[in-house]
Amino acid sequence: MASVKRKWQIYPGRNKFYCDGRIMMAQQTGIFYFTVGLIVITNILFFVFDCPFLAENLTPAIPAVGGLLFVFVMSVLFHTSFTDPGIIPRATADEAIYTEKQIEVPNSGNGTRLRPPPRTKEICVNGVTVKLKYCFTCKIFRPPRASHCSICDNCVGMCIELILYLPLLSIDSGDR
């Protein structure tokens with residue numbers, strides 16, 4: 001019996017997968033480890049040198065708040081780093097051929113030849129005209145606010161809130 005391959009095993013992008021495909025990270029995992037190291041070292045220095053003084057002279061609540069903030073920051077970092085950033089699946093070979101056949105152009109007597117799809121396509125969604133751009137790498141018309149990321153080689157939906165933090169998290173949103 002042939003073994004079944006999961007999507008992440010035949011994934012054409014540049015992302016790295018761990019834990020049987022449950023964890024997905026960008027190619028530059030060194031940046032993630034560097035960020036974790038900086039956060040841990042900074043907190044160790046805070047708890048060793050500053051917390052004893054602050055707990056004695058001000059209030060013992062400061063180390064507790066510092067510990068809670070450390071746990072919160074690390075959990076958000078791991079959650080963001082190990083989560084799919086919104087990758088839009090590439091078109092299969094059949095879907096790509098179907099898209100190209102929709103726009104056949106008559107050739108001078110030699111039958112028809114296929115040309116690349118147009119750069120944009122307008123569709124109507126709930127009475128509103130939406131402009132979709134074509135990605136020549138993924139061979140899909142991608143939705144609004146999505147773009148092709150050259151780092152992970154995938155079309156990715158953007159999350160505006162995370163754009164400032166992406167270099168430190170070792171993830172990408174397609175905005176680069």
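Conventions adopted
Residues numbered from 1 in each chain as written. Predicted model: local features only at pLDDT ≥ 70, side-chain atom pairs only at ≥ 80, totals over all residues. Heavy atoms only, no water. Salt bridge = Lys/Arg side-chain N within 4 Å of Asp/Glu carboxyl O. Helix = DSSP H or I, 4+ residues; strand = E, 2+ residues; numbered from the N terminus. Buried < 20%, exposed > 50% of the residue type's maximum accessible area, 1.4 Å probe, protein only. UniProt positions renumbered as here; feature names shortened; annotations may be inferred. Pairing = 2+ DSSP bridges. Axes fitted to C-alpha atoms, helices over the stretch in contact; angles between N-to-C directions. Lys, Arg positive; Asp, Glu negative; His and termini not counted. Polar contact = N/O pair within 3.5 Å; in protein donor to acceptor, adjacent residues only side chain to side chain. Contact = heavy atoms within 4.5 Å.

Student: Explain the pattern of salt bridges to me, please; I cannot follow it from the model alone.
Tutor: Between side chains of opposite charge, a pair can form as their charged atoms come close. In the structure shown here, the tally under the stated rule is two salt bridges. Put simply, Asp153 and Arg90 hold a salt bridge, and the shortest N to O gap is 3.2 Å. With Asp153 in the loop between β9 (146–149) and β10 (154–157) and Arg90 in the loop between β3 (87–88) and α3 (93–101), this pair connects stretches of sequence that are 63 residues apart. Classification of Asp153 by relative accessible area gives buried; the value is 18%.

Student: I tried to follow the UniProt feature "domain: Palmitoyltransferase DHHC" (unreviewed entry) in the chain on my own but got confused; where do I start?
Tutor: Under the feature "domain: Palmitoyltransferase DHHC" (unreviewed entry), the UniProt entry names residues 131–156. Structurally, residues 131–156 comprises 0% helix and 58% strand, and the distance from its first C-alpha atom to its last is 17 Å.

Student: What should I look at first to understand the UniProt feature "transmembrane region" (unreviewed entry) in the chain in this one?
Tutor: Per the UniProt entry, the sites bearing "transmembrane region" (unreviewed entry) are residues 31–49 and 61–80 in this numbering. For residues 61–80, the helix share is 100%, the strand share is 0%, and the end-to-end C-alpha distance is 28 Å.

Student: How should I be thinking about unusual backbone geometry in this particular structure?
Tutor: Outside of glycine, negative phi angles account for most residues, and trans bonds account for most peptide bonds. Here Cys19, not a glycine, exhibits a phi torsion of approximately 55 degrees, which is positive. Of note, Cys19 is situated in the loop between β1 (16–18) and β2 (23–25). The exposure class assigned to Cys19 is exposed, which follows from its relative accessible area of 52%. Its identity as a non-glycine residue notwithstanding, Asp20 has a phi of 60 degrees, on the positive side.

Student: Sorry, what's going on with the sheet that holds β3 here?
Tutor: In a beta sheet, neighbouring strands pair by backbone hydrogen bonds and run either parallel or antiparallel. Reading across from one edge, β3-β10-β9 is the order of the three strands in this open sheet, with antiparallel pairing throughout. Only two strands of the sheet have a single neighbouring strand rather than two, namely β3 and β9.

Student: Sorry, what's going on with the sheet that holds strand β8 (residues 140–142) here?
Tutor: Read from one edge to the other, the open sheet built from three strands follows the order β6-β7-β8, with strand pairing classed as antiparallel. Across the chains shown, the open sheet's two edge strands, defined by having one partner strand only, are β6 (120–125) and β8. Between one strand axis and the next, the sheet turns through 40 degrees on average, direction left out of account. In this sheet, strand β7 (residues 128–135) lies alongside β6 in antiparallel orientation, the contact comprising six bridges. Each bridged residue has a counterpart across the sheet, and for Glu122 the counterpart in β7 is Lys131.

Student: Would you take a moment to explain the side chain of Arg142 for this structure?
Tutor: Note on placement: Arg142 falls in strand β8. Asp153 provides the closest opposite charge to the buried, unpaired Arg142, separated from it by 10 Å. Separated by 3.2 Å, the side chain of Arg142 and the backbone oxygen of Ala146 make a polar contact. Ignoring anything within four residues of it in the chain, the contact list for Arg142 reads Leu132, Lys133, Tyr134, Cys135, Ser147, His148 and Cys155.

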